[in-house]
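Here are the chains, one letter per residue:
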Amino acid sequence: TEHLKFKKLEDHDARLDYLKWRHYIIFVSTLYAARLTKSKNKILVECGAADGISAFYAINALKKKKIGFKCYLYDSWSPMKKEFLNNIELKSFENNKYNFLNFDIIKKNYKGEKKVQFIKGYIPTTLKNKILKKITWLSIDLNSAKPTIDVLNHFYDKIETGGIIILDDYGGGGYIETKKAVDKFFQDKNTIVFQLPTGQAIIQKS
């Protein structure tokens, strides 16, 4: 697949090496979600898909086991909007480091993949569609607190018993506000937000 372009090839390779454990978590968590849920056809959702590399691991985990699935990828594929960021996040993203996102790249990466659907636009507007009634696995990588909570509010009740949520932005030093918001969201839920050494967090729906 094509990936984001970096100044040097070795920078690109270093990025993939840096992310390998995160991708391992994506791969394994998808298999566990598929095993622990009852639906025959598994529904995967990623909010913050970027170039699609994380979803690639999730999809291929199920393909390897010959498990039926559909995958829905949400992203604006555009620069972040300031109105979705709190004051602390505005300082972190003042140079808008996500302005490299390109919808054409992910379309090319998934060319010919009929089980993947792209939902292009900004959250929460794109959540207004009613196409999903029940989902198996949810990955959230939105780099800011407000859209992360918008996604949890929209999808949490739709997650099957045994389904899994992966939060990419939880334990990292730049995402304190997201962690606070997530912890508040789950404080009255009968579940555990389990932080991983990668900075991710995993939640299983009970």
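Details of the structure are given in the entry above.
Helix and strand counts for the protein stand at seven helices and seven strands. When each of the 206 residues of the protein is scored for burial, the buried share is 49%. Residue pairs at least 24 apart in sequence account for 76% of intrachain contacts in the protein once pairs closer than 6 positions are excluded. Of the roughly 11,500 Å² of accessible surface on the protein, 53% is carried by carbon and sulfur atoms.

Our focus in this paragraph is the packing of aromatic side chains. The final tally for this structure, using the stated rule, is eleven aromatic pairs. Taking the centre distance of 6.2 Å and the plane angle of 80 degrees together, the rings of Trp-77 and Phe-118 count as edge-to-face. Taken together, the residues span a long stretch of sequence, with Trp-77 in the loop between strand E2 (69-75) and helix H4 (87-92) and Phe-118 in strand E3 (residues 116-120) at a distance of 41 residues. Arranged with centres 5.6 Å apart and planes meeting at 80 degrees, the rings of Tyr-156 and Phe-186 form a pair that is edge-to-face. Placement of the pair is Tyr-156 in the loop between helix H6 (145-155) and strand E5 (159-167) and Phe-186 in helix H7 (residues 176-186), with a sequence separation of 30 residues. For the residue pair Tyr-156 and Phe-186, the accessibility class agrees, reading buried in each case. Ring-pair connections join several aromatic residues into one group, and the members of that group are Trp-77, Phe-103, Tyr-110 and Phe-118. Cation over ring: Lys-189 sits above Phe-185, and NZ or CZ is 4.1 Å from the ring centre.

Tracing the chain through its elements places Lys-114 in the loop between helix H5 (103-109) and E3. Given a relative accessible area of 81%, Lys-114 falls into the exposed group. In sequence terms Lys-114 and Cys-71 are 43 residues apart; their C-alpha atoms lie 9.5 Å from each other.

Okay, the packing of helix H2 (residues 20-36) against helix H3 (residues 53-64) next. Two numbers describe a pair of packed helices, the interaxial angle and the distance between the axes. At a minimum axis distance of 8 Å, the contact between H2 and H3 shows a crossing angle of 40 degrees. Between H2 and H3, the angle falls in the class oblique. Relative to H3, the crossing made by H2 is right-handed. On H3, the residues that touch His-23, Ile-26, Phe-27, Thr-30, Leu-31 and Ala-34 of H2 are Ile-53, Ser-54, Tyr-57, Ala-58, Asn-60, Ala-61, Leu-62 and Lys-64. In terms of residue class, the contact of H2 with H3 is built from nine nonpolar, four polar and one charged.

On to the sheet that holds strand E6 (residues 194-195), then. Ordered by their spatial adjacency, seven strands build an open sheet running E3-E2-E1-E4-E5-E7-E6, and the pairing between neighbours is mixed. The open sheet has two free edges, formed respectively by E3 and E6, since each of these has just one partner strand. As judged from the five bridges shared by strand E4 (residues 135-140) and E5, these two strands associate in the parallel manner. Counterpart to Leu-138 in the pairing with E5 is Ile-165. Helix-sheet contacts for H2 involve strand E1 (42-47), E4, E5 and strand E7 (201-204), and the interaxial angle to E5 is about 170 degrees.

Judged by nonpolar contacts, the single largest core of 28 residues is most densely connected at Val-45, Leu-138, Phe-155 and Ile-165. With four residues, H6 is the largest single contributor of residues to this core. Sequence-distant contacts of Leu-138, defined by excluding residues within four places in its chain, comprise Val-45, Cys-47, Val-151, Phe-155, Ile-159, Ile-164, Ile-165 and Ile-166. Ranked by size, the runner-up nonpolar core spans 22 residues in total, among them Ile-59, Leu-62, Cys-71 and Trp-77.

Attention shifts here to the pattern of salt bridges. In the structure shown here, the tally under the stated rule is seven salt bridges. The closest approach of N and O atoms between Asp-104 and Lys-107, which form a salt bridge, is 3.6 Å. Placement of both Asp-104 and Lys-107 in helix H5 is noted, with a separation of three residues, approximately one turn of the helix. Accessibility expressed as a relative area gives 39% for Lys-107, which makes it partly exposed. Linking Lys-146 and Asp-150 is a salt bridge whose minimum nitrogen-to-oxygen distance equals 3.1 Å.

Here is what the cut-offs are and how they apply
Residues numbered from 1 in each chain as written. Predicted model: local features only at pLDDT ≥ 70, side-chain atom pairs only at ≥ 80, totals over all residues. Heavy atoms only, no water. Helix = DSSP H or I, 4+ residues; strand = E, 2+ residues; numbered from the N terminus. Buried < 20%, exposed > 50% of the residue type's maximum accessible area, 1.4 Å probe, protein only. Contact = heavy atoms within 4.5 Å. Areas by Shrake-Rupley, 256 points an atom, 1.4 Å probe, with all protein chains shown as cover. Phe/Tyr/Trp six-rings, centres within 6.5 Å; stacked < 30°, edge-to-face > 60°. Lys NZ or Arg CZ within 6 Å of the ring centre and 35° of its normal. Axes fitted to C-alpha atoms, helices over the stretch in contact; angles between N-to-C directions. Parallel < 35°, antiparallel > 145°, perpendicular 65-115°, else oblique. Left-handed = near helix turned anticlockwise from the far one by under 90°. Nonpolar A, V, L, I, M, F, W, Y, C, P; charged D, E, K, R; others polar. Pairing = 2+ DSSP bridges. Core = buried A, V, L, I, M, F, W, Y, C linked by side-chain atoms within 4.5 Å. Salt bridge = Lys/Arg side-chain N within 4 Å of Asp/Glu carboxyl O.

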